[in-house]
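The chain contents come next:
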Amino acid sequence: MILLDGNKLSAKIRSEIAARVGEYCGNTIRPPHLAAVLVGDNPASQAYVRNKIKACEEVGFTSTLIKKDASITQSQLLELIHELNASEDLDGYIVQLPLPRHIDEEEVNLAIDPSKDVDGFHPNNFGRMALGMSSFLPATPMGIMMMLERYDIQTEGKHCVVLGRSNIVGTPIALLMSKKTKPGNATVTIAHSRTHHLPELLRSAQIIIAALGIPHFVKADMVSPGTVIIDVGINKIEDPANAKGYRLVGDVDFDNVKDKCAAITPVPGGVGPMTITALLENTWRAFRQKF
Ligand code: GUN
């Protein structure tokens, strides 16, 4: 079994990005600049954004964290987006999701300048991705594709079952895996909460990408020997043995599944760090479109 180590691979790719920044920018060009907008005090979002900002420092990017109270109005948030769109010294930015319920996420997403949309969520980028044109790819699917490529995982002709159909992960990774690319060229099934005979379907998969947000959902009896498993889930479960009272687990019952797999990502330390590395890569690309 190959452990697909997102921490180790991210460290390698991040050092490559840092080297590019050093070589390209020297003392003459300002470094790439990413901003993150964080609305409210969702602890998971705070942790994700903190990690994104920390990763910027690691590779020599400038970063700006813009924190707003959960009571921000739709028009105030849109005003901020327009300022970020107009800012000359900013290459890309993200608005961390989820947003408070009174905010219309779709309107916010549509207001982001596609050339600064390093999350790849704007329809301009998402549509270009669907058409196989160059675009910013959403960070989690992009991180997964980078991981499959660097570990030289063969995907061509394989049956890939994607569990989950979110706009952020399930739908875009299914599209990318089906494209005429390497990695890609897979035969893709999207499974979701209404799918019939899920255990049988999963057993027919050679690649499983689990992104449904249910701890330990994929059990050993749902997996055929030799499967490649990408676990996107990050779920908190109670753990009195842990000083924090909880621990993070994926959507896959890792301990019981791992020995059946050809390759598997751990949680934490699998897809999570790759997502952030992909965001850095997108920010570098946004920067290079200007400089
Ligand atoms: N919330 C969960 N994943 C993401 C992501 O990739 N980008 C943003 N902006 N919010 C998220």
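Residues numbered from 1 in each chain as written. Predicted model: local features only at pLDDT ≥ 70, side-chain atom pairs only at ≥ 80, totals over all residues. Heavy atoms only, no water.

Asks: What should I look at first to understand the side chain of Asp-91 in this one?
Replies: Within the fold, Asp-91 resides in the loop between helix H3 (74-86) and strand S4 (92-95). Within the structure, the side chain of Asp-91 is placed 2.9 Å from the side chain of Arg-30, a separation counted as a polar contact. At a separation of 2.7 Å, a polar atom in the side chain of Asp-91 contacts the main-chain amide nitrogen of His-33. Apart from the residues lying within four places of it in its own chain, the contact partners of Asp-91 are Arg-30, Pro-31, Pro-32, His-33, Ser-115, Lys-116, Thr-283, Ala-286, Phe-287, Lys-290 and Phe-291. (Helix = DSSP H or I, 4+ residues; strand = E, 2+ residues; numbered from the N terminus. Polar contact = N/O pair within 3.5 Å; in protein donor to acceptor, adjacent residues only side chain to side chain. Contact = heavy atoms within 4.5 Å.)

Asks: I keep staring at the packing of helix H5 (residues 123-130) against helix H7 (residues 170-178) and nothing clicks. Help me out?
Replies: Helix packing for two helices is described by the angle between their axes and how far apart those axes are. Closest axis-to-axis distance for the H5/H7 pair is 10 Å, and the angle between their directions is 30°. Here H7 runs roughly parallel to H5, going by the angle between their axes. Packed against H5, whose contacting residues are Phe-126, Met-129 and Ala-130, the element H7 presents Thr-171, Pro-172, Leu-175 and Leu-176 at the interface. When its residues are assigned to classes, the contact of H5 with H7 shows 6 nonpolar, 1 polar and no charged. (Axes fitted to C-alpha atoms, helices over the stretch in contact; angles between N-to-C directions. Parallel < 35°, antiparallel > 145°, perpendicular 65-115°, else oblique. Nonpolar A, V, L, I, M, F, W, Y, C, P; charged D, E, K, R; others polar.)

Asks: Just to check I follow, could you spell out the packing of helix H1 (residues 6-25) against helix H10 (residues 271-288) for this structure?
Replies: Two numbers describe how H1 lies on H10: the axes approach to 9 Å, and their chain directions differ by 20°. Compared by their axis directions, H1 and H10 come out roughly parallel. Seen from above, H1 lies across H10 with left-handed handedness. Of the residues in H10, those in contact with Gly-6, Asn-7, Leu-9, Ser-10, Ile-13, Arg-14, Ile-17, Arg-20, Val-21, Tyr-24 and Cys-25 of H1 are Pro-273, Met-274, Ile-276, Thr-277, Leu-280, Glu-281, Trp-284, Phe-287 and Arg-288. Split into classes, the residues belonging to the contact of H1 with H10 amount to 12 nonpolar, 4 polar and 4 charged. (Left-handed = near helix turned anticlockwise from the far one by under 90°.)

Asks: Explain the site of the ligand to me, please; I cannot follow it from the model alone.
Replies: Taken together, the residues surrounding the ligand are Lys-52, Val-95, Gln-96, Leu-97, Asp-119 and Phe-121. In this structure, Leu-97 approaches the ligand through a main-chain N or O atom, which is 2.9 Å from a nitrogen atom. Contact between the ligand and Asp-119: a nitrogen atom at 2.6 Å from a side-chain N or O atom of the residue. Protein coverage of the free-state accessible area of the ligand, which is 280 Å², stands at 85%. (Near = heavy atom within 4 Å. Areas by Shrake-Rupley, 256 points an atom, 1.4 Å probe, with all protein chains shown as cover.)

Asks: Quick question: what am I supposed to make of a negative patch on the surface here?
Replies: A contiguous patch of negative charge, built from Asp-104, Glu-105, Glu-106 and Glu-107, is present on the exposed surface. For Asp-104, the position within the fold is in the loop between S4 and helix H4 (105-111). For Asp-104, a relative accessible area of 38% corresponds to the partly exposed category. (Patch = residues over 30% accessible without salt bridge, like charges linked within 9 Å, V, L, I, M, F, W, Y side chains within 5 Å. Salt bridge = Lys/Arg side-chain N within 4 Å of Asp/Glu carboxyl O. Lys, Arg positive; Asp, Glu negative; His and termini not counted. Charge placed at Lys NZ, Arg CZ, Asp CG, Glu CD. Buried < 20%, exposed > 50% of the residue type's maximum accessible area, 1.4 Å probe, protein only.)

Asks: Which parts of the structure should I look at to understand the pattern of salt bridges?
Replies: Once their charged atoms are close, side chains differing in charge can pair, the charge on each being opposite to the other. All told, the structure shown has 8 salt bridges when counted by the stated rule. Linking Lys-182 and Asp-152 is a salt bridge whose minimum nitrogen-to-oxygen distance equals 3.7 Å. Taken together, the residues span a long stretch of sequence, with Lys-182 in the loop between H7 and strand S6 (187-191) and Asp-152 in the loop between helix H6 (139-150) and strand S5 (159-163) at a distance of 30 residues. Connected through shared salt-bridge partners, Lys-12, Glu-16 and Arg-150 make up one network.

Asks: Sorry, what's going on with the side chain of Ser-45 here?
Replies: Tracing the chain through its elements places Ser-45 in helix H2 (residues 43-59). Here Ser-45 falls in the buried class, since its relative accessible area comes to 4%. Ignoring anything within four residues of it in the chain, the contact list for Ser-45 reads Leu-38, Gln-96, Leu-97 and Pro-98.

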